[in-house]
Amino acid sequence: MNYHSPASFAEASALAANVDGVTRFLAGGTDVLVQLRADIVTPDTLIDIKMIDGVSDIIQNDDGSWTLGVAVTGAEMTEHAGLSQDWPGVVEAMDLVGSTQVQGRATLTGNLCNGSPAADSVPAMVAAGVTVTVTSADGSREVAVEKVPTGPGRTSLAKGELVSAVNIPARGDNAGDAYLRFIPRTEMDIAVVGVAVSLRLDGDIVTEARVCLGAVAPTVLLVQDCADAINGSTLDDAALDALAVAASAACNPITDKRGTVEFRTDVAGVLAKRAAKIAYARANGETVKGDHA
Amino acid sequence: MALDDRKSDFTFIGTRPDRPDGLDKVTGRAKFGADAVAPGMLFGAIVRSPHAHARIVKIDTSKAEAMKGVKAVVTRADFATGLTGEFWNVQENVMAGDTALYDGHAVAAVAANSALDARDAAKLIEIEYEVLPHVTDVDKAMEADAPVIRDGTADGSVPEGMHPNVVRYHESGHGDVAAGFAAADLVIEDSFKTEATHQGYIEPHACLASLGADGKGELWCTTQGHWYAQKHCAALLGIETSQLRVTASEIGGGFGGKTTVFIEPVALALSRKANRPVKMVMSRSEVLRATGPTSSTSMDVKIGMTKDGTITAAEGVFRLQGGAFPGAPMEFTAMCAFAPYALENVRQVGYDVIANRPKQAAYRAPGSPMAAFAVESVIDLLCQQLDLDPVEVRLKNASKKGTKASYGPRFDDIGLVECLEAARDHPHYSAQLEQGQGRGISCGFWFNHGGETSVSLALSEDGTVQVSVGTPDIGGSRASMALMASETLGIPYENIRVTIADTATLGYNDVSHGSRVTYASGLATIKAAQAAIAEMCKRAAAKWGIPEDAVKWEDGCAVPSGPNAGDFEPLAMADITADMGATGGPISGHFEATPEGAGVSFGVHIVDAQVDPETGKTSIPRYTVIQDAGKAIHPAYVEGQFQGGAAQGIGWALNEEYVYGEDGRLQNAVFLDYRIPVASDLPMIDTVIVEVPNPGHPYGVRGVGETGIVPPLAAIANAVSRAAGVRMFELPMSPPRILAALKADG
């Protein structure tokens, strides 16, 4: 196994492009190192990107949008007052990952590129309209988060490509987001179902809703039918019921050690309603603690 | 000296001093299984079967042996031959013979210069398997077309016509159950299932082994019983027992799961072959795949009751799957099932069933929690349908002194009625429930155990005391031993140091199991202290020139036994020990026996459950444990045992389970998916210590380590079923299972 710690993304990309075998990028290492120890993945090349300038920065741009470095940890996000104020759903989703110790290492980028359909931060990023900057020898391009995972453990990134930044849109006024996951315990578990909702209010009417489901299909699902169910409503009971039906209808889950098809399908609807209510209250200016189900 | 009088007013016993091992454990100085090192040490790794059931056609070790850094490879051929009985079963489990019997079964092992080299070398061992049909479910393993796992394993107890996977049978009871059911106003019969759960100790199995060509060896390991390890390792390696010295490390939890051996004989075999010390440490996945979970069960229970709540008859059939080896504790399940109740008509049947799973190991009151789940659920159903109070019904039928137990003997002094009265009078039992909550209660019973016990107590010149016991400290027993010694000797707790001696230092000590340590090692400590007191009185008598029986022991001093004995100043312990070398030599006390007055134990749990009807998720907002401790030596550690039993029971009831795929492989061999409760899942667990002294112990002690896990499965099932409005018959009551039951109920 060869270990590299390049000084730039261009250098990292060039390294990855020119080696054979299994390559892994290392930031927090909370997936890569665990998989290595468990004999699940034994990389031939390990490229540590933590030494690149700026990878730990959280920057708010002039237009109100945010740029996060690829090594920004969950703990740093949670402690950032401005980011938490703007995007509580994204921050709380990342905060749900692992233990306190893991939070000191784990990153949004790692959670995304690990390719798990149950990754907590990914539905929240998709609902929020987050994009990532992907760097390769040909330069950089911006990719919507929902375009990155292609199946369990797989991404759309080509050989020599890597994520070099996370771009979170400006929140704007009268808007809120929320993420809820179902786990049988209270923490230290993996989502059986995850649902993220982001929306804006025009008066008391929902607009710009984005609803994303996790752990109910091979990839996270951005569900237009869910958005349609609540856009234009006051999030009344009829709209919430329609949202639940749309969420359950979108599910394409499996039965495994963590849950059954029936359970995931039912609970996706339940969580969609609960998450939408939190996002709505936040858009109304209320401070609501996101509490996983 | 009236040394055998039962003591009831105590100076030290019942106080809560710091544990002697506490500082070491919180500072990291304590040495656990994986903390040992030796010069020239190698590291071992095990190759495990990926198949649930497969004939081992060929093992090719040549590539591994050729790898740089590899010093030894062993297979079953490197162990003793011709073993029978449990020795053979343990050997077969530790290293497969002709057939791999479960996913994770050890097939070969390698020792190398580093742990990484050993892991890499293990991957180079090539094994050719012929995959055989498998079965992992207890009911399916008994069906006519089930694959036969180890033909000829069944013993003579099994009725004719049973499938060969049924290997042992038990039946007991008394009275006429048919007549009893005929006399009932309501008879309820239901079927129940529970999945296997793991003891979940935080410390994986670990050892350091050294065995020379001369047949002399040293073994350091994390274990609940190092004499057991000595005996079994010696047998499996074909060496003499006394030539293997075993030292027990500090232990990071056992709960019954460390009462046997797994990697220890393998490390010894590797060491013998490499002629170097070999260290082995299991990964968590190895612990879950290849060390003892509990049995899974399938049970039918039938109980008849009159309208006033009197049980007229009870009958149970208990089928336990204990892996591919005989020994599932089905007789304990059967015998414990109805023990809390005074029954005229009772019958219980047990089946020991083998399947393609790891060999079950003891887990706190082995077999009893599952029985309580089935029996106490049916009693709760009877209470619901007859509109009776669950505690009053249990009080009406409770076993008491003189009751003929469901499993045969008559009970001596027991504390079940006192526990039930404490439950009835506890504010928890009458507290208002919130919307969506239900309350459950359950009784629980465990036998408790005595076992071979040997203790030495040596006095130092300064009047302090060293106590050597042979039972690894799994629950604060060094503190308990020191308290009992200080009470007996009349000297401060701090003046006593208790050590867990190695196998070369004392006679055979049974394992720390059966809730026996505070009872049996405690009794032996008291008796050893009394022997030392007798010798000290003798020295005082000689000094004073009066007869030995004219001296008595009081508050840590020898004093004349009365005015006629003479007028002498009391001689403190340190006064006697200071010149003991000149007055007759070193003074020590010693005691060994197999005490048989352990005293059975009962408990009652009250639990509130809250069920989310939309997701089936359960939380436990309130929990109270009430249990008879006989006499609580160190109340904080008694409460800790009560709370620990409840905590493990909550996991077992709600989310812990072994999940096997269609391929017979364990699907959840990591703590992410084997869902032990985390701290935030648990409420503060309230405790009430009931003290009905055990007549079989000088200070009235009953073991408390196991009974606490007997009631939780049933109490939580009763609470969840009442909260959800639908009865749960299968564990764990995971959210998908509860939600499915709610939907089926409409």
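Residues numbered from 1 in each chain as written. Chains lettered and ligands numbered in written order. Predicted model: local features only at pLDDT ≥ 70, side-chain atom pairs only at ≥ 80, totals over all residues.

**Observations concerning the overall build of chain A**
When you go through chain A residue by residue, the secondary structure sums to eleven helices and 14 strands. Overall, chain A is about 55 × 45 × 35 Å in size when its C-alpha atoms are taken along their principal axes. Across the 293 residues of chain A, 52% fall into the buried class. A fraction of 64% describes how many contacts in chain A between residues 6 or more apart in sequence connect residues 24 or more apart. (Helix = DSSP H or I, 4+ residues; strand = E, 2+ residues; numbered from the N terminus. Buried ≥ 20, exposed ≤ 12 C-beta atoms within 10 Å, placed from the backbone. Contact = placed C-beta atoms within 7 Å.)

**What about the interface of chain B and chain A?**
Taken together, the contacts link 19 residues of chain B with 18 residues of chain A. For the side of chain B that touches chain A, a count of residues per class yields eight nonpolar, six polar and five charged. (Nonpolar A, V, L, I, M, F, W, Y, C, P; charged D, E, K, R; others polar.)

**A closer look at unusual backbone geometry**
All names here are of chain B. Of note, the bond from Leu731 into Pro732 is cis; its omega dihedral lies within 30 degrees of zero at -5 degrees. With respect to the secondary-structure elements, Pro732 resides in the loop between helix H20 (712-724) and helix H21 (735-745). Phi is positive for Ala365, close to 55 degrees, though the residue is something other than glycine. With respect to the helices and strands, Ala365 occurs in the loop between strand E15 (346-353) and helix H11 (368-386). On the neighbour-count criterion, Ala365 (29 C-beta atoms within 10 Å) is buried.

**Here's the deal with H20(B)**
Residue and element names in this part refer to chain B. Taking 1.5 Å of rise per residue, the 13 residues of H20 would be expected to cover 18 Å, and the 17 Å separating its terminal C-alpha atoms lies within 8% of that figure. Within H20, 13 of the 13 residues are buried, which leaves the element mostly enclosed by the surrounding structure. Just past H20, the residue Gly725 takes up positive phi, approximately 75 degrees. (Expected span 1.5 Å × (residues − 1).)

**Quick look at helix H15 (residues 477-489) of chain B**
With 13 residues, H15(B) should cover 18 Å at 1.5 Å per step; its first-to-last C-alpha distance of 18 Å lies within 8% of that length. Here H15(B) lies mainly inside the structure; 13 of its 13 residues are buried.

**A word on the environment of Pro735(B)**
One can find Pro735(B) in helix H21. Linking Pro735(B) and Gly616(B), residues 119 residues apart in sequence, is a C-alpha distance of 4.3 Å. With residues near it in sequence (within four places) discarded, Pro735(B) still touches Pro184(A), Phe263(A), Thr615(B), Gly616(B) and Lys617(B).

**Section: the pairing of strand E3 (residues 45-48) of chain A**
All names here are of chain A. Across three bridges, strand E1 (residues 2-4) lies against E3 in parallel orientation. If you follow Asn2 over to E3, its bridge partner there is Thr45. Judged from the four bridges that link them, strand E2 (residues 23-26) and E3 form a sheet pairing that is parallel. Residue Arg24 lies in a different strand from E3, and its bridge partner there is Leu46. (Pairing = 2+ DSSP bridges.)

**Considerations on the domain arrangement of chain B**
All names here are of chain B. By the assigned domains, chain B splits into domain 1 (22-30 + 450-593) and domain 2 (367-448 + 599-745). One C-alpha centre belongs to domain 1, the other to domain 2; they are set 38 Å apart. Opposite the 14 residues of domain 1 that make contact, domain 2 presents 16 residues. Going through the elements one at a time, H15 and helix H16 (517-544) are the ones with two or more residues in the side of domain 1 that touches domain 2. The residue inventory of the side of domain 1 that touches domain 2, partitioned by class, reads six nonpolar, seven polar and one charged. (Domains from an automatic or database assignment.)

**Digging into the nonpolar core**
Within the largest apolar cluster, 326 residues are counted, with the highest numbers of intra-cluster contacts made by Ala247(A), Ala275(A), Val110(B) and Val266(B). Among the elements that take part in this core, H16(B) stands out by supplying 14 residues, more than any other. In terms of nonpolar packing, the next biggest core, distinct from the first, is built from five residues, Tyr201(B), Ala361(B), Ala362(B) and Tyr363(B) among them. (Core = buried A, V, L, I, M, F, W, Y, C linked by C-beta atoms within 7 Å.)

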